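What follows is each chain in one-letter form.
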Amino acid sequence: LRFMIMLQNLASKSRDSRVLSMIMNRSTDPTKANSIESLGSLISGWHDTTKMVEEESIEDLELKIQAQTVRTTLERLRAQVGKNEDGRSVLVATLGRGVKDAVCAILVAAALYPHSRLLLGNKEADLSSDELVLGLLNSAILGDEGVPEPKSVESILEEDMGETQDLILLSQSDVQLDGAALEELQQQGKTIRVHATSRVDIAEPVEVELKTEIHEKLKAGSPVSVTVLLDCTGSMGSEINGCKKGALKAIDTFNDLSPVRWANFIGYWDPIGSRGDPDPRSTGYLDPRKEGNLEKIQTFVDTQLPCTGGGDEPEDVPAALEKLMDDMEVANLSADNGVHFVFFVADAGYRSNENERVTTLLTKASKLGVVMVMCPVRSYSYGTIATLVTKNKEVFQPGQYIKLGGVSQLSSIVSTVTESIRASLFDSGNVSSVTASVGETMEALSQLCKFQKDHASLKKIEELSKPPPETTMAEEEEDSKAEEPMDEKEEIEEENSSKGDDAMEDKEDEPKEANEHKPVFLSENTFSVTNLDRLYLQISRLPGICHQHVEDAFGGKTLQEVVAADIAKRMVDEGISIISLRTSGYPSDLVELVRDMMGGHGGKRVV
């Protein structure tokens, strides 16, 4: 394949039509035609399909070879997929505007067609013919507009999935989903495969420590106040612009969690280090439900928070905190009448001689029930911003402090807090119904096209390896009583009781069945559709010699493990549940070993 690609490139450079004709004739032979080597090679050698060329010219031959290469690639990917016996549909979507992601999405969706749909950015594409697929590839690689503006993963799940059962997401950055969305996905029996054509940098986890009683208040719909305490000095230009754009969206985001009854925006500067800087100013606490208040907030943010001054590094943090305390006092806010989030957005702290004053003010805020969300927008490992972050964490009780790093858009900050239980789909190994992969080669595309088969295999293992429910002592006593003969009085009571039970039986069974679902984040000894389980599946498919070398290096399998692996393979092939071994009286240690072999797809699973 590499030789043919090299030969084609040389023939194109030397304008050798004879060699190109030979390559084209060869490419029309299914037994000799070449597929792409990688996405990069396809993109770098792409020729514009909209260009008018003369018949049998060099350009015409290059376009014909290119078209046949794409067709051969699709045919080989389709052969990997095979027959879609389950009939499960899939939506392939891009989360960025990268060319490689778009090309990967087009090829994979076309290979899975007609059981697939393709969402490029915010537009659904037509895959009904290979000519249309070539047009999509040409637009993605050479088009002036490139890939359309992408949607968020939440929008795709809510607006575009519909009845589609599976989702492939192409992204070059980490993809995160909150626990509620993952739980809904799992309950609907849907799965996600996230794929990156190159390595993904995983975002650092957010420190979230909310008290149980605060969580309970929010769940119960306790009123919320939202305050943004914003450093408006010269170095905060982009962050101030982000807050202006996201001001009202922040309130909307919190409203989805709990009703916002008070909203306040406080800007502060540094008149100490920069003469002419204004004193802290704010909207005061306004009820966003009242007509005109949202417009007042947005107007204030747009017109009253100039990005100016600052002078030296420290800012007038004490004055800002005093303004916060004054505004809370005027609005009569306390720990008794709601949950009060303060978003402290800053890139610098206070002066060393202000430490006692800052400590006193932060302590007062803590006693008023403030949940401090520290949002340092620069590195907080040194300088006055590090002192400010440390001081907040020191003063606020565990459960009243949250730290976010590197987040400057206000609406993004709020979303991160309100959806604090989030999972990285690339990095988390134990998230149910989600797997991930990376690569741009033909092999990587083949594996991506087979993801539904992989998920089906993992689901089969999950069902067969489920341990029987443990019987409690109370249940055992009840069972033993049931076996004892009943006297006449007990029989009458049993008969009367059963009449009422029969009427409710269907109703009780239905919700009980619906509520039986596994948690979103699985324990390490639970087998399901997860990244960890996919890893074991991939390892099991390595050539036998690889397994032999590993076993030899670590002393090889014991006789018991060899037997257990053989039993596990037979049980999976024949669809026999692990419960059958237990009910047949096999020792529990052997049953657990066979179950491990099931989860490891023939190899002992180390958890």
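Thresholds applied
- What you see as residue numbers is a count from 1 along each chain, following the sequence as written.
- It should be noted that, the model being predicted, local features are given only for residues of pLDDT at least 70 and side-chain atom pairs only at 80 or more, the latter also being counted only at that level, while totals for whole chains, interfaces and linings use all residues.
- Working from all heavy atoms in the structure, the side-chain values ignore hydrogens and water.
- Every axis in this analysis is a line fitted to C-alpha atoms, fitted for helices over the stretch in contact. Angles between the N-to-C directions lie between 0 and 180 degrees.
- Secondary structure follows DSSP: runs of H or I at least 4 residues long count as helices, runs of E at least 2 residues long count as strands, and numbering of each begins at the N terminus.
- With respect to orientation, any angle under 35 degrees is reported as roughly parallel, any angle over 145 as roughly antiparallel, any angle of 65 to 115 as roughly perpendicular, and every other angle as oblique.
- Each crossing is labelled by how the near helix is turned from the far one, with a counterclockwise turn of less than a right angle marking it left-handed and a clockwise turn marking it right-handed.
- Whether two residues are in contact is decided by their heavy atoms, any of which lying within 4.5 Å being enough.
- With a 1.4 Å probe rolled over the protein chains alone, any residue whose accessible area is under 20% of its type maximum counts as buried; one over 50% counts as exposed, and the rest are partly exposed.
- The criterion for strand pairing is that DSSP finds at least two bridges linking the strands in question.
- Note on ring pairs: Phe, Tyr and Trp rings are taken, using the six-membered ring of Trp, and paired if centres are within 6.5 Å. Classes follow the plane angle, with under 30 degrees stacked, over 60 edge-to-face and the rest tilted.
- Given the number of residues in a helix, its expected span is that number minus one, multiplied by 1.5 Å.
- For the purposes of these results, a polar contact is taken to be a pair of N or O atoms within 3.5 Å, where, inside protein, one atom must be able to donate a hydrogen and its partner to accept one; residues adjacent in sequence count only when each atom of the pair is a side-chain atom.
- A side-chain nitrogen of Lys or Arg and a carboxyl oxygen of Asp or Glu constitute a salt bridge if their distance falls within 4 Å.

K.L.:
So what about the packing of helix H12 (residues 317–330) against helix H13 (residues 355–367)? Which residues, and what values?
P.N.:
For any two helices packed against each other, the geometry is given by the interaxial angle and the distance between the axes. Direction vectors running N to C along H12 and H13 enclose 25°, while the axes themselves pass 10 Å from each other. The angle between the axes of H12 and H13 places the two elements in the roughly parallel class. Regarding H12 and H13, the two cross each other, and that crossing is left-handed. Of the residues in H13, those in contact with Pro 318, Ala 319, Leu 321, Glu 322 and Met 325 of H12 are Arg 357, Val 358, Leu 361, Leu 362, Lys 364 and Ala 365.

K.L.:
Now, about the pairing of strand S4 (residues 166–170): what can you tell me, with residues and values included?
P.N.:
Burial analysis of S4 places five of its five residues in the buried class, the great majority of the element. Of the two faces of S4, both are covered, the one formed by Asp 166, Ile 168 and Leu 170 as well as the one formed by Leu 167 and Leu 169. Two strands pair when backbone bridges link them, and strand S1 (residues 90–94) and S4 are joined in this way by five bridges, in the parallel orientation. Within S4, the residue paired with Val 92 across the bridge is Ile 168. As paired elements, S4 and strand S6 (residues 191–196) share five bridges and run parallel to each other. For Leu 170, the partnering residue across the bridge sits in S6 and is His 195.

K.L.:
Hey, could you go over the packing of aromatic side chains for me, with residue numbers and the actual values?
P.N.:
Scanning the model with the defined rule gives two aromatic pairs in all. When the ring of Tyr 268 is compared with that of Phe 344, the centres are 6.2 Å apart and the planes differ by 80°; the resulting orientation is edge-to-face. You can see Tyr 268 sitting in strand S9 (residues 260–268) and its partner Phe 344 sitting in strand S11 (residues 339–346), a full 76 residues away along the chain. Residue class for Phe 344 comes out buried when judged on its relative accessible area of 0%. Aromatic pair Phe 341 and Phe 343: ring centres 6.4 Å apart, planes at 25°, arrangement stacked. Taking the relative accessible area as the measure of exposure, Phe 343 reaches 0% and is therefore buried.

K.L.:
Which residues make up the packing of helix H5 (residues 99–112) against helix H6 (residues 130–142), and what are the values?
P.N.:
For the pair H5 and H6, the least separation of the axes is 9 Å and the interaxial angle reads 170°. Classed by the angle they form, the pair H5 and H6 counts as roughly antiparallel. Taking contact as the criterion, the partners of Val 99, Ala 102, Val 103, Ile 106, Leu 107 and Ala 110 in H5 are, on H6, Val 133, Leu 136, Leu 137, Ala 140 and Ile 141.

K.L.:
I'd love a proper account of the sheet that holds strand S2 (residues 116–120), names of residues and values included.
P.N.:
Read from one edge to the other, the open sheet built from six strands follows the order S3-S2-S1-S4-S6-S15, with strand pairing classed as mixed. Among the strands making up the open sheet, the edge pair consists of strand S3 (123–125) and strand S15 (434–438). Averaged over all neighbouring strand pairs, the angle between strand axes comes to 20°, with direction disregarded. With four bridges joining them, S1 and S2 adopt parallel strand pairing. When the sheet's bridge partners are listed, Val 90 is paired in S2 with Ser 116. Packed on one face of the sheet, helix H20 (residues 531–540) meets S6 and S15 and runs near 55° to S15.

K.L.:
Can you explain H6? Please cite residues and give values.
P.N.:
Taking 1.5 Å of rise per residue, the 13 residues of H6 would be expected to cover 18 Å, and the 18 Å separating its terminal C-alpha atoms lies within 8% of that figure. Turning to H6, its buried residues are Val 133, Leu 134, Leu 136, Leu 137, Asn 138, Ala 140 and Ile 141.

K.L.:
Before we move on, could you go through the environment of Ser 432 and cite the residues and values that matter?
P.N.:
For Ser 432, the location among the structural elements is in the loop between strand S14 (422–424) and S15. A residue is classified by how much of its surface remains accessible, and Ser 432, at 1% relative accessible area, is buried. Between the C-alpha atoms of Ser 432 and Val 529, which are 97 residues apart in sequence, the distance is 5.8 Å. A distance of 3.5 Å separates polar atoms of two side chains, one belonging to Ser 432 and the other to Gln 186.

K.L.:
Kindly report on the pattern of salt bridges, identifying the contributing residues and their values.
P.N.:
Evaluated as defined, the whole model comprises 14 salt bridges. The closest approach of N and O atoms between Asp 454 and Arg 193, which form a salt bridge, is 4.0 Å. With Asp 454 in helix H17 (residues 451–464) and Arg 193 in strand S6, the pair connects residues that are 261 residues apart, well separated along the chain. Just as Asp 454 is buried, Arg 193 falls in that class too. The salt bridge involving Lys 569 is made with Asp 573; its shortest N-O contact spans 3.0 Å. Here the residue Lys 569 and the residue Asp 573 both occupy positions in helix H22 (residues 559–574), the gap between them amounting to four residues, near one helical turn. Since its relative accessible area comes to 51%, Asp 573 is described here as exposed.

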